[in-house]
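If you want the building blocks of each chain, they are given just below.
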Amino acid sequence: MKVIAEKIELWLNIVHYCIYRAENRRYTFFNKLNPFLLLGKIPAVKRKFEEQGTSHKEVVNKIWMDRRYGFGIMISGGGLVIIFF
């Protein structure tokens, strides 16, 4: 029974990773239309990020592509739950 559970876990991890990779590719493809990135073109917002020593694009990429708590991993987890049920 333990071997079957390990195989199921392996396949769920593979599916989760594939959904995660697809979400990252979708994000990079639609990056030019991302409304969060368009906010960075406002001069006051741009100035604020320059004062902090970072750019708006770096912050948005961290929010979307963080491997632990990013939106991409959350979307792939949700997709896995939907597929599972």
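Residues numbered from 1 in each chain as written. Predicted model: local features only at pLDDT ≥ 70, side-chain atom pairs only at ≥ 80, totals over all residues. Heavy atoms only, no water.

1. Section: the confidence of the model for the protein
Line of reasoning, step 1. Taken over all residues, the pLDDT of the protein has a mean of 87, while the share at 70 or more is 100%.
Line of reasoning, step 2. Within the protein, helix H2 (residues 35-39) has the poorest average pLDDT of any element, 77, and helix H1 (residues 2-29) the best, 92. (pLDDT = per-residue confidence, 0-100. Helix = DSSP H or I, 4+ residues; strand = E, 2+ residues; numbered from the N terminus.)

2. What about the packing of H1 against helix H4 (residues 56-65)?
Line of reasoning, step 1. Axis separation between H1 and H4 bottoms out at 11 Å; the angle between their running directions is 155°. Accordingly, the angle class assigned to the pair H1 and H4 is roughly antiparallel. Handedness of the crossing formed by H1 with H4: right-handed. On H4, the residues touching Tyr-20, Glu-23, Asn-24, Arg-26, Tyr-27 and Thr-28 of H1 are Val-60, Asn-61, Trp-64 and Met-65. (Axes fitted to C-alpha atoms, helices over the stretch in contact; angles between N-to-C directions. Parallel < 35°, antiparallel > 145°, perpendicular 65-115°, else oblique. Left-handed = near helix turned anticlockwise from the far one by under 90°. Contact = heavy atoms within 4.5 Å.)

3. Describing a nonpolar patch on the surface
Line of reasoning, step 1. Among the surface-exposed residues, Ile-63, Tyr-69, Phe-71, Met-74 and Ile-75 lie close enough to one another that they form a single nonpolar patch of about 500 Å² accessible area.
Line of reasoning, step 2. Per element, the largest residue contribution to the nonpolar patch is 3 residues, and it comes from helix H5 (residues 71-84).
Line of reasoning, step 3. Among the structural elements, Ile-75 can be located in helix H5.
Line of reasoning, step 4. Taking the relative accessible area as the measure of exposure, Ile-75 reaches 37% and is therefore partly exposed. (Patch = residues over 30% accessible without salt bridge, like charges linked within 9 Å, V, L, I, M, F, W, Y side chains within 5 Å. Areas by Shrake-Rupley, 256 points an atom, 1.4 Å probe, with all protein chains shown as cover. Salt bridge = Lys/Arg side-chain N within 4 Å of Asp/Glu carboxyl O. Buried < 20%, exposed > 50% of the residue type's maximum accessible area, 1.4 Å probe, protein only.)

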